[in-house]
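What follows is each chain in one-letter form.
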Amino acid sequence: MTAVVDHKSTAGHSTAGPSDGASRWLVQVDRVLGWVSELPVALLVAAEVVILFTGIVARYVLHAPITWSDELASILFLWLAMLGAVVAFRRGEHMRMTAFVSWASPRARAFLDVFAVAAALCFLLLVILPAGEFAWEELEITTPALQISNMWRAAALPTGLGLMIATALVRLARVGDVRLVAGALAAVAAIAALFAVLQPVLADLGKINLLVFFVVVVAGSVFAGVPIAFAFGLSSFGYLALTTKVPLLVVIGRMDEGMSHLILLSVPLFVFLGLLIEMTGMARAMVAVLANLLGHVRGGLSYVLIGAMYLVSGISGSKAADMAAVAPVLFPEMKSRGAKPGDLVALLAATGAQTETIPPSIVLITIGSVTGVSIAALFTGGLLPGLLLAVMLCLVVRHRYRNEDLSGVRRPTGGELGKSLVVALPALALPFVIRTAVIEGVATATEVSTIGIVYAVAVGLLVYRRFDWRRVVPMLVETAALSGAILFIIGTATGMAWCLTRSGFSTDLAHFMASLPGGSFTFLAVSIVAFIILGSVLEGIPAIVLFGPLLFPIAREMGVHEVQYAMVVILAMGLGLFAPPFGVGFYVASAIGRVNPDEGMRPIMGYLAALLAGLALVAAIPWISTGFL
């Protein structure tokens with residue numbers, strides 16, 4: 001993901017920036033903000049692991065369930081989400097579309113970077129008071145198990161928003177060009193004033209306002225580089241404030257609802273697990289055994305890359321973590337065999353799209369939480385579609401590397417292969433440990449990640465003897481930052497989805513989709529095209545949260561199994577997410593592989609065609625998704 005503000009790009013324009021004394025003061029304020037947000041959020045991630053794992057042990061081993069563990073985990077989770085969003089905002093890690101921004105001139109790019117922060121600040125200032133009011137109203141509500149005021153939980157919202165306001169002000173103050181900042185703030189203020197002046201006109205437009213706010217405002221903000229979460233928030237707040245009489249507390253209430261699903265707690269925990277398997281050497285061990293099995297055949301290391309991404313995706317919930325664990329191990333050897341860097345990053349991006357349905361994918365967890373589809377069913381149904389797409393990629397690899405020169409490649413001996421297999425067994429067992437724990441009822445889909453974390457720590461300490469304690473706190477903070485960015489998007493997207501539903505859009509959409517000729521076939525085809533586009537523009541999770549609750553009921557009415565529809569939607573979204581020129585996943589893969597994105601543009605087209613063919617098979621044959629349910 002690209003930084004919200006690139007200070008280096010704006011500092012060069014400065015002729016009247018902050019003085020040295022002011023700069024030092026701003027640096028100190030920024031450090032305090034980092035300390036206030038990063039240390040508590042690291043402790044919160046660790047606390048969630050301890051609470052949920054203790055609950056598993058108490059229930060399954062001691063047969064003495066802790067009645068308040070889920071409630072405490074839920075309270076701390078909202079704090080984790082909001083403070084994680086603060087850390088992500090301070091680091092510039094909130095998801096944003098930068099394709100158009102990157103094409104602009106340096107001066108225009110600098111302006112858009114600052115404009116993005118100013119627009120985010122506008123949203124935060126608009127919702128801080130409703131957030132405080134929302135938290136105050138929760139004062140009289142008592143939690144059932146702990147018997148404490150629910151304001152302890154709700155206070156996370158105004159606290160997090162307040163810290164983000166302070167962070168935005170510091171970021172703007174540290175930009176070297178005063179005129180640039182003033183221009184960006186003036187532009188945001190002018191747009192807000194224009195909408196306020198047009199309020200009487202907007203009030204009479206009826207459903208045309210959906211186009212104004214949820215197409216024009218969202219698209220304009222996203223293409224201008226405003227972080228997606230804030231673009232959603234601004235459109236929802238503007239729609240409710242200017243065209244309805246709904247209390248603005250609703251925006252905060254829907255954000256709270258979106259971020260408070262306990263199943264979403266598995267998002268930060270699986271992200272942390274993904275970082276652990278890389279740090280402990282488990283990922284390297286899995287890749288090594290695959291390399292010994294297949295490395296001596298034509299295209300062998302490409303097969304290893306596909307297989308390694310499939311295996312690692314069964315442990316980590318984060319595609320960036322998966323790619324970062326696999327690429328550094330394989331790319332040097334693949335380059336030494338003559339593989340072109342562009343083809344490597346193209347295949348890495350394609351495997352990112354291919355493995356979107358491999359449990360415990362964050363997207364699977366999200367789609368289950370917002371649509372009510374069984375998480376266990378999604379975990380089971382996602383394995384075969386991912387395997388099918390892996391086979392499709394292997395066919396392309398076989399064609400491309402049919403003439404590869406293997407004269408310098410030595411085939412490993414049986415002893416070397418056996419040794420690498422023995423070394424990798426503890427790592428290879430982890431996906432089976434996770435899935436068995438869910439299937440046997442030892443842990444819920446939320447709790448099972450803690451079993452994986454404890455297992456990974458034990459294997460790292462006792463088996464591989466690789467565990468760098470100095471990296472633990474930075475990993476916890478990194479986990480919180482990525483999770484906070486994801487959860488904040490889910491929160492604002494939930495508010496936007498509520499606005500669309502309240503307006504009657506969901507009913508209109510259902511009638512439109514039902515009226516299409518061709519029944520379920522046309523419905524699936526339209527869904528594929530729509531989610532490829534949405535995946536490339538909005539990324540996966542915002543698209544899922546926005547349109548999942550609207551489209552899944554229609555799929556059921558059309559006779560499409562909800563698990564099959566989930567697989568179709570997720571794979572289509574993955575195609576868009578990792579397809580250039582707009583798919584941000586492609587640029588993440590390029591950054592991880594340290595390859596210029598331009599080099600991968602042409603090679604990835606063949607892989608995307610193979611994935612599209614595999615997706616068509618998943619859509620046409622329900623058994624691929626539902627055969628093992």
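Presented here is an overview of the structure given in this document.

The rules we used
- Residues numbered from 1 in each chain as written.
- Predicted model: local features only at pLDDT ≥ 70, side-chain atom pairs only at ≥ 80, totals over all residues.
- Heavy atoms only, no water.
- Helix = DSSP H or I, 4+ residues; strand = E, 2+ residues; numbered from the N terminus.
- Rg over C-alpha atoms; globule rule 2.2 N^0.38 Å.
- Buried < 20%, exposed > 50% of the residue type's maximum accessible area, 1.4 Å probe, protein only.
- Lys, Arg positive; Asp, Glu negative; His and termini not counted.
- Charge placed at Lys NZ, Arg CZ, Asp CG, Glu CD.
- Axes fitted to C-alpha atoms, helices over the stretch in contact; angles between N-to-C directions.
- Parallel < 35°, antiparallel > 145°, perpendicular 65-115°, else oblique.
- Left-handed = near helix turned anticlockwise from the far one by under 90°.
- Contact = heavy atoms within 4.5 Å.
- 1 Å grid on protein atoms, 1.4 Å probe; cavity = no way out; pocket = protein on both sides within 12 Å on 5 of 7 lines; lining within 4 Å.
- Points joined across faces, edges and corners; volume = space filled by probe spheres on them.
- Nonpolar A, V, L, I, M, F, W, Y, C, P; charged D, E, K, R; others polar.
- Phe/Tyr/Trp six-rings, centres within 6.5 Å; stacked < 30°, edge-to-face > 60°.
- Lys NZ or Arg CZ within 6 Å of the ring centre and 35° of its normal.
- Polar contact = N/O pair within 3.5 Å; in protein donor to acceptor, adjacent residues only side chain to side chain.
- Expected span 1.5 Å × (residues − 1).
- Salt bridge = Lys/Arg side-chain N within 4 Å of Asp/Glu carboxyl O.
- Disulfide = S-S within 2.5 Å.
- Core = buried A, V, L, I, M, F, W, Y, C linked by side-chain atoms within 4.5 Å.

### Quick notes on the overall build of the protein
Then, in step 1: Tallying secondary structure elements over the protein gives 30 helices and zero strands in all.
Then, in step 2: By the compact-globule yardstick of 25 Å for 629 residues, the protein fits well, its C-alpha radius of gyration being 24 Å.
Then, in step 3: Along the three orthogonal principal directions, the C-alpha set of the protein runs to about 75 × 65 × 60 Å.
Then, in step 4: Going through the 629 residues of the protein one by one, you find that 57% of them count as buried.
Then, in step 5: Across the protein, the 37 positively charged side chains and the 35 negatively charged ones have centroids separated by 10 Å.

### Describing the packing of helix α11 (residues 228-243) against helix α23 (residues 472-502)
Helix-helix packing is characterised by the crossing angle of the two axes and by the distance between the axes.
Then, in step 1: Running from N to C, α11 and α23 point in directions that differ by 30°, and their axes come no closer than 8 Å. Relative to α23, the element α11 lies roughly parallel. Crossing of α11 over α23 shows left-handed handedness. Two secondary-structure elements touch here, α11 through Ile 228, Ala 229, Phe 230, Phe 232, Gly 233, Ser 235, Ser 236, Tyr 239 and Leu 240 and α23 through Phe 488, Ile 489, Thr 492, Ala 493, Gly 495, Met 496, Trp 498 and Cys 499.

### What about the layout of surface pockets?
Then, in step 1: Each pocket or cavity is described by its volume, and for the second largest pocket that value is around 530 Å³.
Then, in step 2: Lining the second largest pocket are 22 residues, and of these Ile 191, Ala 192, Phe 195, Val 217 and Leu 234 lie nearest its centre.
Then, in step 3: At the level of secondary structure, the elements contributing two or more residues to the lining of the second largest pocket comprise α5 (106-137), α8 (178-197), α10 (208-223) and α11.
Then, in step 4: With six residues, α11 is the single largest residue contributor to the lining of the second largest pocket.
Then, in step 5: For the lining of the second largest pocket, the residue count by class is 18 nonpolar, four polar and no charged.

### A word on the environment of Phe 100
Then, in step 1: Here Phe 100 is to be found in helix α4 (residues 99-103).
Then, in step 2: Assessed through its relative accessible area of 33%, Phe 100 is described here as partly exposed.
Then, in step 3: Linking Phe 100 and Pro 359, residues 259 residues apart in sequence, is a C-alpha distance of 33 Å.
Then, in step 4: Excluding residues within four positions of it along the chain, Phe 100 makes contact with Phe 223 and Phe 582.

### Here's the deal with empty space enclosed by the protein
Where empty space is left in the structure can be found by rolling a water-sized probe over the atoms.
Then, in step 1: On inspection of all chains with the given rule, the structure shows two cavities of 30 Å³ or more.
Then, in step 2: The space that makes up the second largest cavity amounts to roughly 30 Å³.
Then, in step 3: Lining the second largest cavity are Thr 380, Gly 381, Leu 384, Ile 624, Ser 625, Thr 626, Gly 627, Phe 628 and Leu 629.
Then, in step 4: Elements supplying a minimum of two residues to the lining of the second largest cavity: α19 (375-381) and α30 (623-626).
Then, in step 5: Counting residues per element, the lining of the second largest cavity draws most heavily on α30, at three residues.

### Describing the packing of aromatic side chains
Then, in step 1: Evaluated as defined, the whole model comprises eleven aromatic pairs.
Then, in step 2: Geometrically, the ring pair formed by Phe 214 and Tyr 239 is tilted, given 5.2 Å between the ring centres and 50° between the ring planes. Of this pair, Phe 214 sits in helix α10 while Tyr 239 sits in helix α11; the two residues are 25 residues apart in sequence, bridging distant segments of the chain. Accessibility assignment for this pair places Phe 214 and Tyr 239 in one class, buried.
Then, in step 3: Ring pairing ties together the aromatic residues Phe 89, Phe 123, Phe 230 and Phe 488, which thus form one cluster.
Then, in step 4: Lying across the ring of Tyr 607, Arg 400 places its NZ or CZ 4.4 Å from the centre.

### Points about unusual backbone geometry
Then, in step 1: In this structure, His 63 is a non-glycine residue whose phi angle is positive, near 55°.
Then, in step 2: Secondary-structure assignment places His 63 in the loop between α2 (20-61) and α3 (69-91).
Then, in step 3: We classify His 63 as exposed; its relative accessible area is 64%.
Then, in step 4: Of note, the phi angle at Arg 465 is positive, near 55°, even though the residue is not glycine.
Then, in step 5: With respect to the helices and strands, the residue Arg 465 is situated in the loop between α22 (448-462) and α23.

### Considerations on the side chain of Asn 209
Then, in step 1: Looking at the secondary structure, you find Asn 209 in helix α10.
Then, in step 2: A polar atom in the side chain of Asn 209 sits 2.7 Å from the backbone oxygen of Leu 202.
Then, in step 3: Discounting chain neighbours no more than four positions away, the residues touching Asn 209 are Leu 202, Phe 214, Tyr 239 and Thr 243.

### Observations regarding α3
Then, in step 1: The terminal C-alpha atoms of α3, which comprises 23 residues, lie 32 Å apart, in line with the 33 Å expected from a rise of 1.5 Å per residue.
Then, in step 2: Following α3 by one or two positions, Gly 92 has its phi on the positive side, about 70°.

### Some remarks on the pattern of salt bridges
Then, in step 1: For the coordinates displayed, the defined rule picks out 13 salt bridges.
Then, in step 2: Asp 113 is the salt-bridge partner of Arg 96, the closest N and O atoms lying 3.3 Å from each other. Here the residue Arg 96 occupies a position in the loop between α3 and α4, and Asp 113 occupies one in helix α5, the gap between them amounting to 17 residues. The burial state of Arg 96 is the same as that of Asp 113; both residues are buried.
Then, in step 3: Glu 257 is the salt-bridge partner of Arg 254, the closest N and O atoms lying 2.8 Å from each other. With Arg 254 and Glu 257 both in helix α12 (residues 249-259) and three residues apart, the pair spans about one turn of that helix.

### Points about the state of the cysteines
Then, in step 1: For the coordinates displayed, the defined rule picks out zero disulfides.
Then, in step 2: Here Cys 499 stays free of any disulfide, with the sulfur of Cys 122 as its closest cysteine sulfur at 16 Å.

### Focus on the nonpolar core
One recurring pattern in soluble globular proteins: nonpolar side chains tend to sit buried together.
Then, in step 1: Grouped together as the largest cluster of nonpolar side chains are 227 residues, with contacts concentrated most on Met 164, Phe 230, Met 259, Phe 488, Phe 531, Tyr 565 and Tyr 607.
Then, in step 2: Once residues lying within four places of it in the same chain are set aside, the contact partners of Met 259 are Phe 77, Leu 78, Ala 81, Met 82, Leu 157, Leu 487, Phe 488 and Gly 491.

### Re the packing of helix α14 (residues 282-294) against helix α15 (residues 300-313)
Then, in step 1: For the pair α14 and α15, the least separation of the axes is 9 Å and the interaxial angle reads 145°. Crossing angle aside, the handedness with which α14 passes α15 is right-handed. Here α14 contributes Met 286, Val 287, Leu 290, Ala 291 and Leu 294 to the contact with α15, which in turn contributes Gly 300, Leu 301, Tyr 303, Val 304, Gly 307, Ala 308, Leu 311 and Val 312.
Then, in step 2: Split by residue class, the contact of α14 with α15 holds eleven nonpolar, two polar and no charged.

### Concerning the side chain of Glu 48
Then, in step 1: Looking at where Glu 48 falls in the secondary structure, it is placed in helix α2.
Then, in step 2: Filtering out sequence-adjacent residues up to four positions away, Glu 48 remains in contact with Ala 73, Leu 76, Phe 77, Leu 80, Leu 265 and Leu 269.

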